[in-house]
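Each chain, letter by letter, is given below.
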Amino acid sequence: FSDKKILDLVYKAMDDPSDDVRLAAVQLLENFDGIDMIPAISKALDDKDEEIRIVAIQALADVNYPETAKLLVRGLGDDSENVRDAVFSVISDKDTYTKETLLAEVIGSKFQDVRERVEEIAVEAPSHRTMDMLVEALKDKDEEFRKQIFSIMTAFFSEEFKTYDEARNWWAKNKDSFDDELIEK
């Protein structure tokens, strides 16, 4: 759909007291294309019903606007693990900016289930910014998380690092030689 009037009706239906009406409204959002759907998705992400928030995330599957990253970050911060899971289900078709933005959120997340999926998103966005974030993540207080980051970096570079300083220094010296290799991996 591209009719703004229909989208306005969908947006208004998001205020209905009935969960079923709000769910039906948010399900229509995946049929819209264009930035005009963003306010309705944003509103749906504030809904008390978990299923509505999940469907709102799923409606972002084929949407690549700068605002998309912000909405997906909100999904990663949702109290529902199912909503956070929905974010990972739509990541693969996102642009590099969105993936990098989500990686920053994953690294800093308060939710263990999100942090455990850092590799899943890091391999989706092989870039210098991603590597810079991974190197900085080596400062994390959680030893298991740091081990996970070291493992990801080993996979990217076939280099084994034992400390943050070692990884940082190596990356600073070799950063420019890995443009092609990062894209290949």
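In short, a report on the structure. (Residues numbered from 1 in each chain as written. Predicted model: local features only at pLDDT ≥ 70, side-chain atom pairs only at ≥ 80, totals over all residues. Heavy atoms only, no water.)

**Looking at the side chain of Lys-94**
With respect to the secondary-structure elements, Lys-94 resides in the loop between α6 (81–90) and α7 (96–108). Only 2.4 Å separates the side chain of Lys-94 from the backbone oxygen of Leu-60, close enough to count as a polar contact. In this structure, Lys-94 is in contact with Leu-60, Ala-61, Asp-62, Val-63, Asn-64, Thr-68, Leu-72 and Lys-99, ignoring residues within four places of it in sequence. (Helix = DSSP H or I, 4+ residues; strand = E, 2+ residues; numbered from the N terminus. Polar contact = N/O pair within 3.5 Å; in protein donor to acceptor, adjacent residues only side chain to side chain. Contact = heavy atoms within 4.5 Å.)

**Some remarks on the side chain of Lys-99**
With respect to the helices, strands and loops of the structure, Lys-99 is situated in helix α7. Dropping the residues within four chain positions of it, Lys-99 is found in contact with Ile-91, Ser-92, Lys-94, Ile-121, Glu-124 and Ala-125.

**Describing the pattern of salt bridges**
Scanning the model with the defined rule gives 18 salt bridges in all. In this structure, Arg-53 and Asp-78 form a salt bridge, with 2.7 Å as the shortest nitrogen-oxygen distance. Pair noted here: Arg-53 is in helix α4 (residues 50–58) and Asp-78 is in the loop between α5 (66–76) and α6, with a separation of 25 residues, a long-range link. Assessed through its relative accessible area of 11%, Asp-78 is described here as buried. (Salt bridge = Lys/Arg side-chain N within 4 Å of Asp/Glu carboxyl O. Buried < 20%, exposed > 50% of the residue type's maximum accessible area, 1.4 Å probe, protein only.)

**Brief notes about the environment of Lys-139**
As for its position among the elements, Lys-139 is in the loop between α10 (128–137) and α11 (143–157). In this structure the C-alpha to C-alpha distance between Lys-139 and Asp-3, which are 136 residues apart in sequence, comes to 49 Å. At 2.9 Å, the side chain of Lys-139 and the side chain of Glu-136 are in polar contact.

**Some remarks on the nonpolar core**
Core analysis: the largest hydrophobic core is formed by 59 residues, its most contacted members being Leu-29 and Leu-134. Per-element accounting of this core gives the leading share, seven residues, to α11. When near neighbours in sequence (up to four residues on either side) are disregarded, Leu-29 contacts Leu-7, Val-10, Met-37, Ala-40, Ile-41 and Ala-59. (Core = buried A, V, L, I, M, F, W, Y, C linked by side-chain atoms within 4.5 Å.)

**Comments concerning the packing of aromatic side chains**
Applying the stated rule across the entire model yields four aromatic pairs. Counting every residue linked through ring pairs, the aromatic cluster contains Phe-156, Phe-157, Phe-161, Trp-170 and Trp-171. Sitting over the ring of Tyr-11, Lys-43 keeps its end group 3.9 Å from the ring centre. Across the ring face of Phe-145, the terminal group of Arg-115 is positioned such that the distance to the ring centre comes to 3.8 Å. (Phe/Tyr/Trp six-rings, centres within 6.5 Å; stacked < 30°, edge-to-face > 60°. Lys NZ or Arg CZ within 6 Å of the ring centre and 35° of its normal.)

**Considering helix α2 (residues 19–28)**
When α2 is considered as a whole, its buried residues turn out to be Arg-22, Leu-23, Ala-25 and Val-26. Viewed along the axis of α2, the buried residues span an arc of 160°, placing them on a single side of the element. In the core, the buried residues of α2 are packed alongside α1 (4–13), α3 (38–44) and α4. By the N-cap criterion, in which a side-chain oxygen at the helix start approaches the backbone nitrogen of a residue two or three places on, α2 is capped by Ser-18, the distance to Asp-20 being 3.2 Å. (Arc of directions from axis to C-beta.)

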